Amino acid sequence: MQPSADPQRAPGWAERLRDWRNRVVARPGFQRWAAAFPLTRPVARGQAAEVFDLVAGFVYSQVLLACVRLGVFELLADGALAQAELAERLRMSEEGVERLVAAAAALELLERRPGARVALGRLGAPLVGNRALTSMIEHHATLYADLQDPVALLRREGRPAMAGYWPYAAVDGGRSPATLPAERVAEYSALMTASQPMVTQEVLDAYRFDRHQVLLDVGCGEGSFVTAVARQAPHLQLMLFDLPAVAERARLRLLQSGLASRASTFGGDFFADELPRGADLVSLVRVCFDHPDERVLRLLQAVRRALPDHGTLLLAEPMSGVPGAEAMGDAYFGFYLLAMGRGRPRSAAHLGRLLHAAGFASVRSVPTRMPLQSGLLVARCAKA
């Protein structure tokens, strides 16, 4: 948890100045004056636009979802189309397409061209063929259902739909997640596989795996991360650990990828079962932020027991407190993981404290090209 402020501490001059500013700006009369005065008008209009974007954010996301579901970006991948032709291909009225194009162009997802033609926009072009991102966009329909009443979500009133979607949190009656059948893990595992490349590429660009002999990927999902690592480090032996039904999906994927001779898969519950030994590198990719601190500490301790004294842990996931990505880390993932039921975004410093408590001697943050998508920590074992 974040340390609470000392209620007895008197506010400093900078804090008092911000409080005064807020009181002034909150006055309706000041707002009208600022919007009319030439020197303050640009600031007032900019702030009003930012507030409106917060109000309209859900509508913007639904315009994006409509484009993804209709396959608009793929239709325009080879160049501009006449708007009438686009309407025909989408089996939609020209009025409906006009409304969609107007909205998407305003968001820079699409772009109007001369001659009533439509093309990809600045933000739409990167979505062509980007299954990782479009899968998450489709998946957000479940999250939005929980966000209809954010206050109830914060108060934990009722069971969020996202918690039911996440099979690890849906186990009841005291049963272990390791007992989940294949059909219960299929949908979530497929989503994680589809969205994994966003994080995987960040890790591969930031860290060299060829300095290690054996990699154990804990919470491996369907094995997409290990499959990508295997291409970068051809000599690396691979071990994968996840729930039995998930590990079986990973085994089949590795078999299809021609990696079966280099890989061993293990099924179990990493909160209840010991992890297999023999690896000098363990990876936790998008695992810790799904769980509360006490469970994360237990997992990190299990990882330390599985590693030799010269072993290394690689921890990769989106993190909070990243300069320039605060909204993603604390607002988006804060509520996303709340809906999932157990997790929370953590800063690199917070994760570092948990790693030290689990028996790791040194922890360093490795820069990634897109910290918005993933942070990366490398932890070295303390000698037992």
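Residues numbered from 1 in each chain as written. Predicted model: local features only at pLDDT ≥ 70, side-chain atom pairs only at ≥ 80, totals over all residues. Heavy atoms only, no water.

> Give a description of the overall build of the protein chain that names residues and reports values.
Within the protein chain one finds 16 helices and 10 strands. The buried share among the 384 residues of the protein chain stands at 45%. Within the protein chain, contacts between residues at least 6 apart in sequence are counted, and of these 67% link residues at least 24 apart. (Helix = DSSP H or I, 4+ residues; strand = E, 2+ residues; numbered from the N terminus. Buried < 20%, exposed > 50% of the residue type's maximum accessible area, 1.4 Å probe, protein only. Contact = heavy atoms within 4.5 Å.)

> Explain the packing of aromatic side chains to me, using residue names and the numbers behind them.
The full count for this structure, using the stated rule, is 10 aromatic pairs. Note on Phe 58 and Tyr 144: the rings are 5.3 Å apart at their centroids and 80° apart in plane angle, and the pair reads as edge-to-face. Highlighted residues: Phe 58 in helix H3 (residues 41-70) and Tyr 144 in helix H7 (residues 131-146), separated in sequence by 86 residues. An aromatic cluster is present here, built from Phe 289, Tyr 332, Phe 333 and Tyr 336 joined pairwise through their rings. Directly above the aromatic system of Tyr 207 lies the positively charged group of Arg 211, at a separation of 4.9 Å from the ring centroid. One cation-aromatic arrangement involves Arg 295 over Phe 271; the distance from NZ or CZ to the ring centre is 3.9 Å. (Phe/Tyr/Trp six-rings, centres within 6.5 Å; stacked < 30°, edge-to-face > 60°. Lys NZ or Arg CZ within 6 Å of the ring centre and 35° of its normal.)

> Give a description of the sheet that holds strand E3 (residues 117-120) that names residues and reports values.
A sheet is described by the order of its strands in space; here 3 strands give the open sequence E1-E3-E2, paired in antiparallel fashion. Two strands in the sheet have a free side with no partner beyond their single neighbour: strand E1 (81-82) and strand E2 (110-113). Summarising the sheet, E2 and E3 pair through 4 bridges and their orientation is antiparallel. Counterpart to Glu 111 in the pairing with E3 is Ala 119. On the sheet, helix H6 (residues 94-106) packs against E2 and E3 and is oriented at approximately 110° with respect to E2. (Pairing = 2+ DSSP bridges. Axes fitted to C-alpha atoms, helices over the stretch in contact; angles between N-to-C directions.)

> So what's going on with the sheet that holds strand E4 (residues 214-218)? Which residues, and what values?
Spatial strand order, E6-E5-E4-E7-E8-E10-E9: 7 strands in an open sheet with mixed pairing. The sheet is open, and its two borders are formed by strand E6 (263-267) and strand E9 (360-365), each paired with just one other strand. Neighbour-to-neighbour, the strand axes of the sheet open up by a mean angle of 20°, direction not taken into account. Pairing geometry for strand E8 (residues 312-317) and strand E10 (residues 375-381), over 6 bridges, is antiparallel. Note that in E10 the partner of Glu 317 across the bridge is Gly 375. The strands that helix H11 (residues 197-206) touches are strand E7 (281-285), E8 and E10; relative to E8, the one it contacts most, it runs at about 140°.

> Lay out the packing of H11 against helix H12 (residues 224-232) with the relevant residues and their values.
At a minimum axis distance of 10 Å, the contact between H11 and H12 shows a crossing angle of 30°. With respect to H12, the axis of H11 lies roughly parallel. The handedness of the crossing between H11 and H12 comes out as right-handed. On H12, the residues touching Thr 200, Val 203 and Leu 204 of H11 are Phe 225, Ala 228, Val 229 and Gln 232. (Parallel < 35°, antiparallel > 145°, perpendicular 65-115°, else oblique. Left-handed = near helix turned anticlockwise from the far one by under 90°.)

> A description of the nonpolar core should follow, citing residues and the corresponding values.
By size, the foremost hydrophobic cluster in this structure holds 33 residues, and its most contacted members are Leu 275, Leu 284, Leu 300, Val 303, Leu 313 and Phe 360. Looking at this core, the element that brings in the most residues is helix H14 (residues 293-306), giving 6 residues. Leaving out residues up to four positions away in the same chain, Leu 300 has contacts with Leu 284, Cys 288, Leu 313, Leu 315, Leu 354, Leu 355, Ala 358 and Phe 360. Counting residues in hydrophobic clusters, the runner-up holds 27 residues, among them Ala 228, Leu 238, Ala 316 and Val 378. (Core = buried A, V, L, I, M, F, W, Y, C linked by side-chain atoms within 4.5 Å.)

> Go over a nonpolar patch on the surface with me, naming the residues and quoting the values.
A surface patch of nonpolar side chains, amounting to about 420 Å² of accessible area, comprises Trp 13, Leu 17 and Trp 20. Position of Trp 20 relative to the elements: it lies in helix H1 (residues 13-25). (Patch = residues over 30% accessible without salt bridge, like charges linked within 9 Å, V, L, I, M, F, W, Y side chains within 5 Å. Areas by Shrake-Rupley, 256 points an atom, 1.4 Å probe, with all protein chains shown as cover. Salt bridge = Lys/Arg side-chain N within 4 Å of Asp/Glu carboxyl O.)

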